[in-house]
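# Residue-level structural notes
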Amino acid sequence: MISMSTRCVPLLSVLLLLAFRNGVSFLLPSASSLLTTSSKSRATVTNTLLNYSQQRDVYTMEAWAIENGYQKVDGVELYSEGDDDWSMMTNTDIPAGTTIMFIPSTLVLSSDAIVKEYGSNFDLELTENALKQMERDLAKRLPLFRLLVKILAEYEKGENSFYAPWINSFPTQYYNGVSMTDACFACLPPYAALLSMNERNAYSRFLNAIRKGFLPLNPDVTGDDSVMKFAYNVALTRFHEVFEPTRQKLIAPMADMINHSSEPNAEISFDTENNCYVTAIADIYAGSPLSVSLGDPTDPTPLFAKYGFLPTGCNTIFCKAIHLEPQINELGYEFNQLLFQTDTGEVYPAVWDIFLLKILQDYDADLASQFTMACQNSDEATKETFHSNYFAYTLEALREHVYSILKDVDQMTMEAQSYDLETHPRVPVIVAHNNLVRDTFSMTASLLDSMG
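These lines cover the structure that appears in this document, whether it is placed above or below. (Residues numbered from 1 in each chain as written. Predicted model: local features only at pLDDT ≥ 70, side-chain atom pairs only at ≥ 80, totals over all residues. Heavy atoms only, no water.)

Attention now moves to the overall build of the protein chain. When you go through the protein chain residue by residue, the secondary structure sums to 19 helices and 13 strands. Looking at the protein chain as a whole, 52% of its 452 residues qualify as buried. Contacts spanning at least 24 positions in sequence make up 73% of the contacts within the protein chain whose residues lie at least 6 apart. For the protein chain, the computed accessible surface area is about 20,500 Å², with 50% contributed by carbon and sulfur atoms. (Helix = DSSP H or I, 4+ residues; strand = E, 2+ residues; numbered from the N terminus. Buried < 20%, exposed > 50% of the residue type's maximum accessible area, 1.4 Å probe, protein only. Contact = heavy atoms within 4.5 Å. Areas by Shrake-Rupley, 256 points an atom, 1.4 Å probe, with all protein chains shown as cover.)

Structure follows, in structure tokens:
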């Protein structure tokens, strides 16, 4: 049995008891059953990271994780359909409530622990202060910044890094907002472009703070744009956030291989010592991928901007009325209330509200105030009266917006398709996003046209 720290033994006992009660046994490998991490795979960390043609070394990473305390139920395996996009699946049925995976805190990267680790040797506080001075809102991203610093520090160590097998398992190409160019942004509708640019701008601020030189990181590493963007994307796309006992971001190797679903069958949690648990929240049948939720399933665009993929099974999308953000804020609405149904084009009630508020504000401030109060107080009768009286105006404004987006999306998609995929590899996901918008908005346009 793999030796574990004294404080982890009770946790392991609990896991084994839970597994026994669920009829599932944990894999407890002996040292002789483990694959050995080769010195060659560890020594080529730096070169591997920049070799875009080399396949990800996920099995060496899994062996490293097992050797250092990672445990999983029998039947859970790494899985790929051959495109080097890896995930986790199960070959056996897993009942709801089962602890599927356990990753000890000794493997987990913690933004709080990074402060303690580098507090005496790194002038982390000075760098973070420089970051906060660039933009006040970046203070809430400090846990992410700390993960970036940790990944860069481990990258520098090369073969001497404890995390070398994990680093060698990462993809080297990303398709999210951080990795996009200005040409990519020009091919996206305003909302998607805004979120994607926000991600890239945050990365630029991190880059500038690190390059001020307050941290004892190798300038050859921090001066390499490819390495910096790679490390940032690793931190951004693999963390999970917790708020108790403190707000921090954590990355758990192996748990970070589980992909997103709008109907997840598992969840990732951490105890107060930063040990990680992956738990089944539904019955998972043999042959099924493990999945967790990485974001709000009602609006795929933030996932597109942050992670660089378009979730399948999107039932709704944001109405793209980013120009009405003042009205959205005034009514206290969230973007996930301002939706179009992707299979029917149906318009959610809150969308009608923001378009009507804009009309009333342009027409009569007193009426706008009355309507705002009705919305804030959930006075449905008064709202219905307003909508009835001004329906023709709201319909026309909404229809104009929908047809404007359709026209823009068609032009943007044509522009994207004219790009060379060798220099613009993100074109397929951009086109997929735009096609989802076009298809949904086309149904909405037909629906609005039928109303008058």
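And the narrative resumes.
What follows deals with the packing of helix 15 (residues 349-363) against helix 16 (residues 365-376). For any two helices packed against each other, the geometry comes down to the angle between their axes and how far apart the axes lie. As a packed pair, helix 15 and helix 16 sit with axes 6 Å apart at the nearest point and diverge in direction by 155 degrees. As the angle between them shows, helix 15 and helix 16 are arranged roughly antiparallel. Between helix 15 and helix 16, the contacting residues are Asp 353, Leu 356, Leu 357, Leu 360, Gln 361 and Tyr 363 on the first element and Ala 365, Leu 367, Ala 368, Phe 371, Thr 372 and Cys 375 on the second. Looking at side-chain class alone, the contact of helix 15 with helix 16 contains nine nonpolar, two polar and one charged residues. (Axes fitted to C-alpha atoms, helices over the stretch in contact; angles between N-to-C directions. Parallel < 35°, antiparallel > 145°, perpendicular 65-115°, else oblique. Nonpolar A, V, L, I, M, F, W, Y, C, P; charged D, E, K, R; others polar.)

At their nearest, the axes of helix 15 and helix 18 (residues 391-417) sit 9 Å apart, and the two run at 105 degrees to each other. Relative to helix 18, helix 15 is oriented roughly perpendicular. Note on element contacts: helix 18 touches helix 15 through Phe 391, Tyr 393, Thr 394, Leu 395, Ala 397, Leu 398 and His 401, opposite Val 351, Trp 352, Phe 355, Leu 356 and Ile 359. For the contact of helix 15 with helix 18, a count of residues per class yields 10 nonpolar, two polar and no charged.

Time to look at the sheet that holds strand 9 (residues 266-270). Pairing in this open sheet of four strands is antiparallel, and the strands run 1-4-10-9 from one edge to the other. The sheet terminates laterally at strand 1 (71-72) and strand 9, the two strands that pair on one side only. Here strand 4 (residues 99-103) pairs with strand 10 (residues 276-280) via four bridges, running antiparallel. Each bridged residue has a counterpart across the sheet, and for Ile 103 the counterpart in strand 10 is Cys 276. (Pairing = 2+ DSSP bridges.)

One pass over the structure, following the stated rule, counts 15 salt bridges. Note that Glu 154 and Lys 150 form a salt bridge whose closest N and O atoms lie 2.8 Å from each other. Of the two residues, Glu 154 and Lys 150 are both situated in helix 7 (residues 142-157); the distance of four residues between them amounts to about one turn of the helix. With a relative accessible area of 4%, Glu 154 lands in the buried category. The class of Lys 150 is buried, set by a relative accessible area of 7%. Asp 362 is the partner of Lys 358 in a salt bridge, and the nearest nitrogen-oxygen pair spans 3.1 Å. Here the residue Lys 358 and the residue Asp 362 both occupy positions in helix 15, the gap between them amounting to four residues, near one helical turn. Overall, the relative accessible area of 56% leaves Asp 362 in the exposed class. (Salt bridge = Lys/Arg side-chain N within 4 Å of Asp/Glu carboxyl O.)

The subject of this paragraph is the pairing of strand 7 (residues 248-251). Burial along strand 7 is two-sided: Gln 248 and Leu 250 facing one way and Lys 249 and Ile 251 facing the other are all buried. The antiparallel pairing of strand 6 (residues 240-242) with strand 7 creates a hairpin that spans five residues between the two strands.

This part is about helix 4 (residues 58-67). For helix 4, a buried count of eight out of 10 residues is recorded, marking the element as mostly surrounded by other parts of the structure. Turning to helix 4, its buried residues are Val 58, Thr 60, Met 61, Glu 62, Ala 63, Trp 64, Ala 65 and Ile 66. Just downstream of helix 4, Gly 69 is the residue with a positive phi angle, here 110 degrees.

The next subject is the packing of aromatic side chains. A full pass over the atoms with the stated rule returns 21 aromatic pairs. Seen from their ring centres, Tyr 191 and Phe 335 are 5.3 Å apart, and the 70 degrees between their planes marks the pair as edge-to-face. Separated by 144 residues along the polypeptide, Tyr 191 in helix 10 (residues 190-210) and Phe 335 in the loop between helix 14 (325-331) and strand 13 (339-341) bring together distant segments of the chain. With a relative accessible area of 3%, Tyr 191 lands in the buried category. Note that Lys 249 overlies the ring of Phe 239, its terminal NZ or CZ placed 4.9 Å from the centroid. (Phe/Tyr/Trp six-rings, centres within 6.5 Å; stacked < 30°, edge-to-face > 60°. Lys NZ or Arg CZ within 6 Å of the ring centre and 35° of its normal.)

In this structure, Phe 391 sits in helix 18. For Phe 391, a relative accessible area of 32% translates into the label partly exposed. A C-alpha to C-alpha distance of 8.3 Å links Phe 391 and Leu 356, two positions 35 residues apart in sequence.

Looking now at the sheet that holds strand 6. Here three strands make up an open sheet; going across it, the order is 5-7-6 and the pairing antiparallel. Looking at strand neighbours, the two that pair on one side only are strand 5 (109-110) and strand 6, the edges of this open sheet. Pairing geometry for strand 5 and strand 7, over two bridges, is antiparallel. Bridge pairing links Ser 110 to Leu 250 in strand 7. Along the sheet, helix 7 contacts strand 5 and strand 7; its crossing angle with strand 7, the most-contacted strand, is approximately 35 degrees.

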